[in-house]
Amino acid sequence: MPNEFAVEMKGIAKRFPGIVANDDIHLQVRKGEIHALLGENGAGKTTLMNILFGLYQPDEGEIRIHGQTVKITDPKKAIDLGIGMIHQHFMLVEPYTVLQNIILGAEPRRGVMISYKKALARIGELSDKYGLHVDPHRTIREISVGMQQRVEILKTLYRGADILIFDEPTAVLTPQEIQELMAIMRKLADEGKTIILITHKLKEIMAIADRVTIIRRGRVVDSLPVRDTTAEELAAKMVGRNVSFVIEKKEAQPGETILEIDNLTAFDDRGCQALRGLSLEVRSGEILGIAGVEGNGQRELIEVLTGLRKASSGEIRLRGRAVQNESPRRIAEAKVGYIPEDRQKRGLVLDFCVGENLVLKNYYAPPFCKRGLLRYDEIFGHAAGLIGEYDIRTPDEKTPARALSGGNQQKVIVAREVACEPDLLIATQPTRGLDVGAIEFIHRKLIEQRDKGKAVLLYSLELDEILNLSDRIAVMYEGRIVGILDPRKTNEQEIGLLMSGGHKGEREETA
Amino acid sequence: MAVLQVASDLIQTTIVFATALVFAMLGGLISERSGVVNIALEGMMMVGAFTAAIVTYFLETNAGLGGSAPWIGFVCAIAAGAVFALPHAAASVTFRADQVVSGVALNLLAAGATIYLCKMLLNGAAQTPTLKHVFSKWAVPALSDIPYLGPALFVAYPTSYIAFLLVAVMAFVLYKTPAGLRLRAVGEHPKAADSVAINVYRVRYAAVMISGALAAMGGATIALTTTSNFSHNTISGQGFIALAALIFGKWRPVAGMFAALFFGIASALKSVFQVYGITNYIPVDFIYMFPYILTVLVLAGFVGRAVAPGAVGKPYRKGER
């Protein structure tokens, strides 16, 4: 008798020192369905999937694949059982071609040599069947993130996977790429593949999943068909309390102009012109959101503003004073706060403790430093205050930043930047990869800064975030601002059109 | 015709000197392509030279072997090199130590241990006596009769033929076989390799041990062709020159081979200059310095931007995020 469940996990428990990551978890995934695994960061969904993929061994419990009880000792075993994982951070070798990445570890041979001909034929079949079109001869470096994800999917299919685990697959994609991914997932499911989607994004679940299992603190809260539920209900189950999607904020009270950017130009790392005469102003008491498809000069703009990149021409004025091409320290001292995009690489020194990270911007000034010596009593006292005020969950101020969760790491950064009382706060992707609770907190803080009369410049790839938080939206395309919109009078379609180089009121196709 | 004669001599000598560099360069290449920095090439060459010389010496004096003695010495050197590389693999792969520090330690160990063992085995002599049986040059039939070009390219030590053959083998393995694809993947992005069930640790151990074997072949070549003995200055920095050749050749076998030949010319020039009396005009010390200065320049990065394997020098920890 054919079993209707592709995956059954029964009573799975997994404990790490000090944490119960999975506690008596039951999961049943039907063949051919898209099954979402919903939970906040740290809820245990990734641990569960790592158990399924053989990266961890469960302390208790049983796993059945297509009705057969199995022991998945390592990823190789999982692959043999037809389980494939599309990792959140792609597992691709950059200098290799698409083709080489797909076959790596499972190379077809002719004699002692790799037979690329056989590989190409097989990949061609798979691409056609599932609509996953890629150029096999391009290197990973040359293709977009969306394409790289297709390569990851093809890698699993090439190894004969019929159960595909997607770990937070949309985290790095643009809205258009997300649409394409959804279509691919639907197609895979229609062709009989079973899909497990790990995510904390409710919108995606509502759009694509057939069933959803919600995990909170290592336990299954519920498992139900998506058509029988709502996003609000799922959010409440995930977080354990009611969550509001609408960000409450007062009417903005814009005041004087804090930041003026005039005809700014700059080059990117490859020497191409990234900013092509960009002009913009941000006033006190408003949040200006920058929308745009990744790679249209946003990163370069932020880097020029914070002194990390040289402008080739143009002017940046803070309260009327020109500051372009000054050092990052000078710019910070001119009262600019900066929440960087990559909190682990640029926001924190991971091996420094929380207290030290909280004074990275002003450790050299009194009261933290006197006569060239650091005063740790002051530093830790300052830290203790901020830890309380920002509800940073850390054992103490001497814990290394590395040991904190993503949300708490971000709180450390926000606390540090806001504590410096900036006139202008630059927030880049401030909630990327954070869970609902932490996102709410960061959003509240940004609005609080606005209400205190600070100028906030927000750059995010999440269009929802831009629409919800901003008082004005500047759309960036090819190194220029191509439109300033009022979030109350616009919608995703209009912004999307501007983002892709179209003009207001026009319906032209752009590449 | 004198010019042609000089050129012919120069090429022949270049190949003699470059042979050891080619071996060691290939050793460095396989290790670094797998992601393990190998600054210990020098020490591995010393171990190779010492093993080859001492084994050959005892075989010819005590066992009465003749022409086969250096061959057995050569094979023993290969084995000794692989074994000697093991601690570097253990330190770099299993214990995730700093690979440069581990390499330096191995170099110091080799310098001390070879002399110590030499004194122990040879009643206090710090170097082996001159070997009676070493490799002699082979002439390729017919091809070696071509005027000038023949003696330049087709009269060489057997080790030279082996070295240049290995370049081709290395290029083939690296770019045409599954093993090569996996090795390079491990050196570029070990986590990606791990995710497709390639055993990163095993690949790196194997690469480092083969590296030791290859470097030792280079050392053995010097002891069994140019110096005919082993002493403390048999290798004298050639492991580092090989490392420079590796970088100069951008971690690619054929380009690395040409880089090794280039450094070989530098060494050959000093011999040829002496033979032709040019040292009367340029102080010999300058000519001796030449290969080393070239090495410093290359290692300091004056020659183009080198693209090292993505994960070289970074220990791999399974399961780290």
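Above this text is the structure in question.
Residues numbered from 1 in each chain as written. Chains lettered and ligands numbered in written order. Predicted model: local features only at pLDDT ≥ 70, side-chain atom pairs only at ≥ 80, totals over all residues.

Enquirer: Looking at this model, I keep getting lost on the overall build of chain B. Mind explaining?
Expert: Each helix and strand counted, chain B has 12 helices and two strands in total. Start at the N end of chain B and walk to the C end: the helices and strands fall as α-α-α-α-β-α-β-α-α-α-α-α-α-α. Relative to its length of 321 residues, chain B is compact, with a C-alpha radius of gyration of 20 Å against a globular reference of 20 Å. In terms of overall dimensions, chain B has a C-alpha envelope of 65 × 45 × 40 Å along the principal axes. Per-residue burial for chain B yields a buried fraction of 50% across its 321 residues. Excluding contacts between residues fewer than 6 apart, the proportion of contacts in chain B whose partners are at least 24 apart in sequence is 77%. (Helix = DSSP H or I, 4+ residues; strand = E, 2+ residues; numbered from the N terminus. Rg over C-alpha atoms; globule rule 2.2 N^0.38 Å. Buried ≥ 20, exposed ≤ 12 C-beta atoms within 10 Å, placed from the backbone. Contact = placed C-beta atoms within 7 Å.)

Enquirer: Looking at this model, I keep getting lost on the nonpolar core. Mind explaining?
Expert: Soluble globular proteins tend to bury their nonpolar side chains together. Counting 169 residues, the largest nonpolar core has Leu-52 and Ile-165 of chain A together with Leu-21, Ala-49, Ala-216, Ala-245 and Ala-260 of chain B as the members making the most contacts within it. No other element matches helix α9 (residues 200-226) of chain B, which puts 16 residues into this core. Those residues in contact with Leu-52 of chain A, other than ones at most four positions away along the chain, are Val-7, Met-9, Ile-63, Ile-72, Ile-83 and Ile-165 of chain A. (Core = buried A, V, L, I, M, F, W, Y, C linked by C-beta atoms within 7 Å.)

Enquirer: How should helix α4 (residues 99-121) of chain B be read in this particular structure?
Expert: Along an α-helix, residues three or four positions apart point the same way, because every turn accommodates 3.6 residues. Residue and element names in this part refer to chain B. Between its terminal C-alpha atoms α4 stretches 32 Å, which fits the 33 Å expected from 23 residues at 1.5 Å a residue. Looking only at α4, the buried set comprises Gln-99, Ser-102, Gly-103, Leu-106, Asn-107, Ala-110, Thr-114 and Cys-118. One or two steps after α4, the chain reaches Asn-123, where phi turns positive at roughly 50°. (Expected span 1.5 Å × (residues − 1).)

Enquirer: Before we go on, may I ask you to explain the sheet that holds strand β11 (residues 211-216) of chain A in this structure?
Expert: Each strand in a sheet pairs with its neighbour through backbone hydrogen bonds, running either in the same direction (parallel) or in the opposite one (antiparallel). Residues and elements named next belong to chain A. Strand order in the open sheet formed by six strands is β6-β9-β10-β3-β11-β12, and the pairing between neighbours is mixed. Each having just a single partner strand, β6 (83-86) and β12 (219-225) make up the two edges of the open sheet. Within the sheet, the average angular offset between the axes of one strand and its neighbour, ignoring direction, is 20°. Sheet topology note: the strand β9 (residues 163-167)/strand β10 (residues 194-199) ladder contains five bridges and is parallel. (Pairing = 2+ DSSP bridges. Axes fitted to C-alpha atoms, helices over the stretch in contact; angles between N-to-C directions.)

Enquirer: Would you take a moment to explain the sheet that holds strand β15 (residues 286-291) of chain A for this structure?
Expert: All names here are of chain A. Here six strands make up an open sheet; going across it, the order is β18-β21-β22-β15-β23-β24 and the pairing mixed. Each having just a single partner strand, β18 (336-339) and β24 (480-485) make up the two edges of the open sheet. If you compare each strand with its neighbour and ignore which way they point, the axes differ by 20° on average. Here four bridges tie β18 to strand β21 (residues 424-428), and the two strands are oriented parallel to one another. Bridged to Ile-339 within β21 is Ala-427.

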